[in-house]
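Spelled out, the chains give:
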Amino acid sequence: MFLNLIMRDIKLAFFTSTSFLITASFFLLILILIPFIFGSEIGLLKVMFQGLIWIALVLSILLTLTRIFNSDYDDGNLDIIFRSGTSLELIICAKYIAYWITICMPLIVLVPFVAQAFNYSFVQAFPIVLNLLIGSFGMVFIATCVSALTLGAKRTTFLKGIIIIPLYVPFIIFGVDASSWPILIGLSLIAFVVSIYATIYSLRLYGE
Amino acid sequence: MNLKISNNQITYIRKANLYLISLTLLTFIIGLYFSLLVSPPDYIQGDSMRIMYIHVPSAWLSLFSYTILAASCVAWFVYRNPIFNLIAKSIAPIGAALTLIALVTGSIWGKPTWGVWWVWDARLTSMLILFFLYLAYILLWQSISNQETASKISAALGIIGFINIPIIKFSVDWWNTLHQPASISKLSSPSIDINMLIPLLIMTLGYMLFLITLFLIKLRTEIIDQKILRLSIK
């Protein structure tokens, strides 16, 4: 059931729609804006790239949040998944993994190659990718729990942003600094624990 | 929401409020008299530091009200009594307003002292994020139409926010030591003169009474609202 659930979400994202391509190109286009804003001076571009990939990641997550629970909740699939007898914890973990694979992984795979255009070598890009890798997990945990909390709310695109962005501040602060990946791991673990309880709690509430 | 509160108890709140309002006014008058007229001006900043008597109590109490908010959310999880959610809901806008007052007065104070309206100081930034945590709580409650669900969901968000406050404080402090020159931090713990401390404490008491008064008015309205809602559902 666990694997089936992951495979189902991945298939939905990769095959039945072009949404995977859309998020990747959205992410790229935000990064393409950097030289237009700051000019093509190499030193400045390098600094800006390091920061703005995080903004691009946050925006990509915010814009695809409805995919975690909302579409399943609206067409009743979520109820069927609940009734399947699998424990809620496993279902939520499957959701984390599927969401991370469909949204964050393509972007993180893209980053080392895009970084070439901003004068990074692969070795230099490695710490950035490592931080993105760890930080994006924490961000997905928080995104999932906020998405579950706002399931019953109306017109939530901006509401989710207002709830999520203050919670992302620590991730951004430590994510931008290359040497603080151990703190990022800690933050992601805290986010995991909090998120799984909050998600179970709100799914039970809305599932009643 | 099944509130076990009789109409008599609500009337008590209203009666207590009459006394509280007059007490608040009295404390504010005494406090403002002491802070604006009696207390000495600062020998560097002159009279502009008198805004401290407005700024510091609101900053203290904005943190205090978030603690109350989170504590009542936790209390709801323990006792499952809906009144705790109403307490959290009633204190949220007051806390947000206090945070806003602290931010605005701080920035007005900053202009003559630092020469700029805003610096990216650790405490200022944390307060700004605290304001958005309040805002998220209020907005989440408002955007869910079913009151019962809204109260339970917001309680979870209140606790998540409270877990995050120390993390945000820690990370912002850490970020600040990287980016901020230490020019402002010497203001952070000045030894305060007793002549300034007394008006400050009176003003804090005034703010506290003000917070309690507003809170009770809001709580009473919320309870009556829920009772009306229950009646109209039946």
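Check the entry above for the structure.
Here the structure is a predicted model, which means the values were calculated and not measured.

Cut-off values and rules
Residues numbered from 1 in each chain as written. Chains lettered and ligands numbered in written order. Predicted model: local features only at pLDDT ≥ 70, side-chain atom pairs only at ≥ 80, totals over all residues. Heavy atoms only, no water. Core = buried A, V, L, I, M, F, W, Y, C linked by side-chain atoms within 4.5 Å. Buried < 20%, exposed > 50% of the residue type's maximum accessible area, 1.4 Å probe, protein only. Helix = DSSP H or I, 4+ residues; strand = E, 2+ residues; numbered from the N terminus. Contact = heavy atoms within 4.5 Å. Patch = residues over 30% accessible without salt bridge, like charges linked within 9 Å, V, L, I, M, F, W, Y side chains within 5 Å. Areas by Shrake-Rupley, 256 points an atom, 1.4 Å probe, with all protein chains shown as cover. Salt bridge = Lys/Arg side-chain N within 4 Å of Asp/Glu carboxyl O. Bend = angle between axes of the 7 residues up to and from the residue. Phe/Tyr/Trp six-rings, centres within 6.5 Å; stacked < 30°, edge-to-face > 60°. Lys NZ or Arg CZ within 6 Å of the ring centre and 35° of its normal.

A. Structural context of the nonpolar core. Counting residues in hydrophobic clusters, the biggest one holds 134 residues, and the most contacted among them are Phe-49, Ile-53, Tyr-168 and Leu-203 of chain A. Of all the elements, helix 6 (residues 88-117) of chain A adds the most residues to this core, at 16 residues. Not counting the four nearest positions on each side in its chain, Leu-203 of chain A is found in contact with Phe-69, Leu-78, Phe-82, Leu-88, Ile-92, Ala-148 and Leu-151 of chain A. Counting residues in each nonpolar core, the second largest holds six residues, with Val-169 and Ile-173 of chain A together with Ala-122 and Ile-168 of chain B among its members.

B. Inspection of a nonpolar patch on the surface at higher detail. On the surface, a cluster of nonpolar side chains totalling about 810 Å² of accessible area is made up of Leu-23, Leu-26, Ile-30, Leu-32, Tyr-33, Phe-34, Leu-36, Leu-37 and Val-38 of chain B. Residue position: Leu-37 of chain B is located in helix 1 (residues 7-38).

C. Unusual backbone geometry, seen in detail. Positioned with a positive phi, Asn-119 of chain A is a non-glycine residue whose angle comes to about 70 degrees. Looking at the element boundaries, Asn-119 of chain A is found in the loop between helix 6 and helix 7 (122-149). In this structure, Arg-80 of chain B is a non-glycine residue whose phi angle is positive, near 55 degrees. Inspection of the secondary structure assignment puts Arg-80 of chain B in the loop between helix 2 (52-79) and helix 3 (83-114).

D. Region of interest: helix 8 (residues 157-176) of chain A. The axis of helix 8 of chain A is deflected most strongly, by about 40 degrees, at Tyr-168 of chain A, and proline Pro-170 of chain A appears within four residues downstream. The buried count for helix 8 of chain A comes to 14 of 20 residues, which makes it a mostly enclosed element.

E. Structural view of the environment of Gly-95 of chain B. All names here are of chain B. Here Gly-95 is to be found in helix 3. For Gly-95, a relative accessible area of 0% corresponds to the buried category. It is 8.9 Å that separates the C-alpha atoms of Gly-95 and Ser-58, two residues lying 37 residues apart in sequence.

F. Expanded view of the pattern of salt bridges. This model, assessed by the stated rule, comprises eight salt bridges over all chains. Between Asp-9 of chain A and Lys-95 of chain A there is a salt bridge whose closest N-O contact spans 3.2 Å. Residue Asp-9 of chain A is found in helix 1 (residues 2-14), and its partner Lys-95 of chain A is found in helix 6; the two are separated by 86 residues along the sequence. When sorted by exposure, Asp-9 of chain A lands in the same class as Lys-95 of chain A, which is buried. We note a salt bridge from Asp-173 of chain B to Lys-169 of chain B, for which the minimum N-O separation is 3.2 Å. Separated by four residues within a single helix, Asp-173 of chain B and Lys-169 of chain B lie in helix 5 (residues 147-179), roughly one turn from each other. Put simply, Arg-8, Asp-9, Asp-72 and Lys-95 of chain A are held in one network by salt bridges that share partners.

G. Geometry of the packing of aromatic side chains. Applying the stated rule across the entire model yields 23 aromatic pairs over all chains. Between the aromatic rings of Phe-137 of chain A and Phe-141 of chain A, the centroid separation amounts to 6.3 Å while the plane-to-plane angle is 40 degrees, which identifies the pairing as tilted. Separated by four residues within a single helix, Phe-137 of chain A and Phe-141 of chain A lie in helix 7, roughly one turn from each other. Residue class for Phe-137 of chain A comes out partly exposed when judged on its relative accessible area of 31%. With a centroid separation of 5.1 Å and an interplanar angle of 70 degrees, the aromatic rings of Tyr-66 of chain B and Tyr-134 of chain B are classed as edge-to-face. Of the two residues, Tyr-66 of chain B is situated in helix 2 and Tyr-134 of chain B in helix 4 (residues 122-143); the sequence distance between them amounts to 68 residues. Look at Tyr-134 of chain B and you get buried, because its relative accessible area is 0%. Grouped by ring-pair contacts, the aromatic residues Tyr-96, Trp-100, Phe-137, Phe-141 and Phe-192 of chain A constitute a single cluster. Positioned over the ring face of Tyr-120 of chain A is Lys-46 of chain A, at 5.2 Å from the centre of the ring.

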